[in-house]
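So you can see what is in the structure, the chains are spelled out below.
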Amino acid sequence: MAKLWGGRFEESLDKKTEAFGASITFDQKMARQDLKGSLAHVTMLATTGILTTEEAEQIKAGIQKVEAKYEAGEIDFKIENEDIHMNMETYLHAEIGSVAGKLHTARSRNDQVATDMHLWMKDTLSETMAKLENLREVIVNLASNHVETIMPGYTHLQHAQPISFGHHLMAYYSMLTRDFERFGSNMQHADISPLGAAALAGTTFPIDRKETAELMGFSDVYVNSMDAVSDRDFILEFLSNASILMMHLSRFCEEIILWCSHEFQFVTLSDAFSTGSSIMPQKKNPDMAELIRGKSGRVYGNLFGLLTVMKSLPLAYNKDLQEDKEGMFDTAETILTSLDVMAGMLSTLSVNETVMAEATEQDFSNATELADYLAAKGLPFRQAHEIVGEMVLACTKAGYYLQDVPLARYQEVSPLIEADIYETLKSRTAVQRRNSYGGTGFEQVKMQIALAQAALKKENSEKA
Ligand code: ARG
């Protein structure tokens, strides 16, 4: 069949070029959105009197037939028809004949593709947020079982101070909550209808852009037709939010990979989320955590790809914009599956509480406790720090820890040190006492969990 834009051409398109220019192999992912946009458009063409009710009804019935065929998997997308818009219109033509040609009145593929992408993005943002919510729930549940599980807290990957494992987990909850909020505000810019901008300048027909926006479920319409067809900020925001999300997941995965190593043995991954080696029979590898860490690379790549596509584009539509889709689809698929795998991995991992706690027994992560103890008794903190530093050095040379130092020796160092120092030096005491707002003290971790549970409950009730 001749091209829908074929009138101006004398020769047919070179075959390889045709495939090069086509987007149907990937933009068919927006088939439902394309049909939804067309339905809204034709409905409006009738209410505004641009088409007769009869014409519009015929077209609507045709679109519904194409939709049924699509849902039944009976649509055969063709490269010759270039993209999702012209593939669908060709099917419509096959269903209802030449009246199908009236659908494109007061519309261009430029506003059509932008509309499809906005609709697709809204669906994807909702799906992303639902999965993020689920992962946050998994983390809060895990944290609530581990408020009093003690582990080493690290800075520079060196034992720093003992912390609650629940506290460590809740840090990730906070990051993912910001991600959730970012995708939520991304929704504001996705939720605007470009339909009716036509090619770039609007149309001479008396269209009603608010009506189509409402029919498609958009809260607003673009106020400038040139911006409407060339804006891809809502996709860049998505790719950027997805990059930050993947950075968070990747950091978490890096820790999980460390924690399940032989050196740490803090957690054990369930078999369902691990894989073996084809040569080393003993291996149980954290492949899924490694893959999520690795996939952050392609998600960042997609962001940079589109930023680069956009950077020199003159207004308004340019075919370069067709390059906005594959990275967007790939990023969506990557984050959606990563969120699922992450939730599965975390809800099935077992925590080796004893190993974690013991890791804080044979180290100097209680040195701050001793310094704080002296400072609380009036010694300037800097002086206390110096004394404890010297003690750590002496212990290191002698091969024991602060909790092993006899009281008599402590009292030589400072008469302020009394027998209660040994209780103070215990990891559990150290954690429990860090009760400053947002600290790792059990009460503070419980407070964070309660806030998180209330926030999740509120989000759930707002959805319902
Ligand atoms: N397939 C095109 C895209 O994805 C649709 C818009 C085409 N518009 C045009 N004037 N060639 O961007």
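Residues numbered from 1 in each chain as written. Predicted model: local features only at pLDDT ≥ 70, side-chain atom pairs only at ≥ 80, totals over all residues. Heavy atoms only, no water.

Caption draft 1: Local environment of the site of the ligand. Inspection of the region around the ligand gives S23, D83, H85, R109, N110, V113, Y317, Q322 and K325 as its neighbouring residues. A distance of 2.9 Å is found between a nitrogen atom of the ligand and a side-chain nitrogen or oxygen belonging to N110. For the shell around the ligand, the element with the highest residue contribution is helix 6 (residues 109-144), accounting for three residues. (Near = heavy atom within 4 Å. Polar contact = N/O pair within 3.5 Å; in protein donor to acceptor, adjacent residues only side chain to side chain. Helix = DSSP H or I, 4+ residues; strand = E, 2+ residues; numbered from the N terminus.)

Caption draft 2: Here's a closer look at helix 3 (residues 31-47). Its 17 residues place the ends of helix 3 25 Å apart at the C-alpha level, agreeing with the 24 Å of an ideal helix rising 1.5 Å per residue. Among the residues of helix 3, A31, Q33, D34, L35, G37, S38, A40, H41, V42, M44 and L45 are the ones counted as buried. Its buried side turned inward, helix 3 meets helix 2 (24-27), helix 4 (53-71), helix 5 (84-96), helix 6 and helix 8 (209-216). (Expected span 1.5 Å × (residues − 1). Buried < 20%, exposed > 50% of the residue type's maximum accessible area, 1.4 Å probe, protein only. Contact = heavy atoms within 4.5 Å.)

Caption draft 3: Examining the environment of F205 more closely. Inspection of the secondary structure assignment puts F205 in the loop between strand 3 (192-193) and helix 8. Looking at F205, the relative accessible area reads 37%, which means it is partly exposed. The contacts of F205, once residues within four sequence positions are left out, are I50, T105 and A106.

Caption draft 4: Highlighting the UniProt feature "domain: Argininosuccinate lyase C-terminal" (unreviewed entry) in the chain. Under the local residue numbering, the UniProt record ascribes the feature "domain: Argininosuccinate lyase C-terminal" (unreviewed entry) to residues 364-432. Summarising residues 364-432: 65% helix, 0% strand, and an end-to-end C-alpha distance of 17 Å. (UniProt positions renumbered as here; feature names shortened; annotations may be inferred.)

Caption draft 5: Layout of a nonpolar patch on the surface. Residues L200, M226 and L315 make up a contiguous nonpolar surface patch of roughly 260 Å² in combined accessible area. Secondary-structure assignment places L200 in the loop between strand 3 and helix 8. (Patch = residues over 30% accessible without salt bridge, like charges linked within 9 Å, V, L, I, M, F, W, Y side chains within 5 Å. Areas by Shrake-Rupley, 256 points an atom, 1.4 Å probe, with all protein chains shown as cover. Salt bridge = Lys/Arg side-chain N within 4 Å of Asp/Glu carboxyl O.)

Caption draft 6: Seen up close, the nonpolar core. Ranked by internal contacts, the top residues of the largest apolar core, which has 81 residues, are M342 and L346. Among the elements of the structure, helix 6, strand 1 (150-155), helix 7 (165-190), helix 9 (225-230), helix 10 (233-259), helix 11 (287-310), helix 12 (325-348) and helix 19 (442-463) are those that each provide at least two residues to this core. With 14 residues, helix 10 is the largest single contributor of residues to this core. Those residues within four positions of L346 in sequence are excluded, and the remaining contacts are L135, V138, I139, L142, F252 and I256. Residues A31, I84, I96 and V99 belong to the second largest nonpolar core, which totals 23 residues. (Core = buried A, V, L, I, M, F, W, Y, C linked by side-chain atoms within 4.5 Å.)

Caption draft 7: Spatial organisation of the packing of helix 5 against helix 6. Contact geometry of helix 5 with helix 6 gives a least axis separation of 10 Å together with a crossing angle of 105 degrees. Judged by the inter-axis angle, helix 5 sits roughly perpendicular to helix 6. Where helix 5 approaches helix 6, its residues I84, H85 and M86 are matched on the opposing element by R109, Q112, V113 and D116. Across the contact of helix 5 with helix 6, the residue classes break down as three nonpolar, two polar and two charged. (Axes fitted to C-alpha atoms, helices over the stretch in contact; angles between N-to-C directions. Parallel < 35°, antiparallel > 145°, perpendicular 65-115°, else oblique. Nonpolar A, V, L, I, M, F, W, Y, C, P; charged D, E, K, R; others polar.)

Caption draft 8: Spotlight on the pattern of salt bridges. All chains considered together, the criterion is met by 27 salt bridges. One network of salt bridges, with partners in common, ties together E82, D83, R109 and K319.

Caption draft 9: Representation of helix 8 in the model. Every buried residue of helix 8 is listed here: R209, E211, T212, A213 and M216. Where the residues of helix 8 are buried, they touch helix 3, helix 6, strand 3 and strand 4 (220-221). A distance of 3.1 Å separates the backbone nitrogen of K210 from a side-chain oxygen at the start of helix 8, and that oxygen is part of D208.

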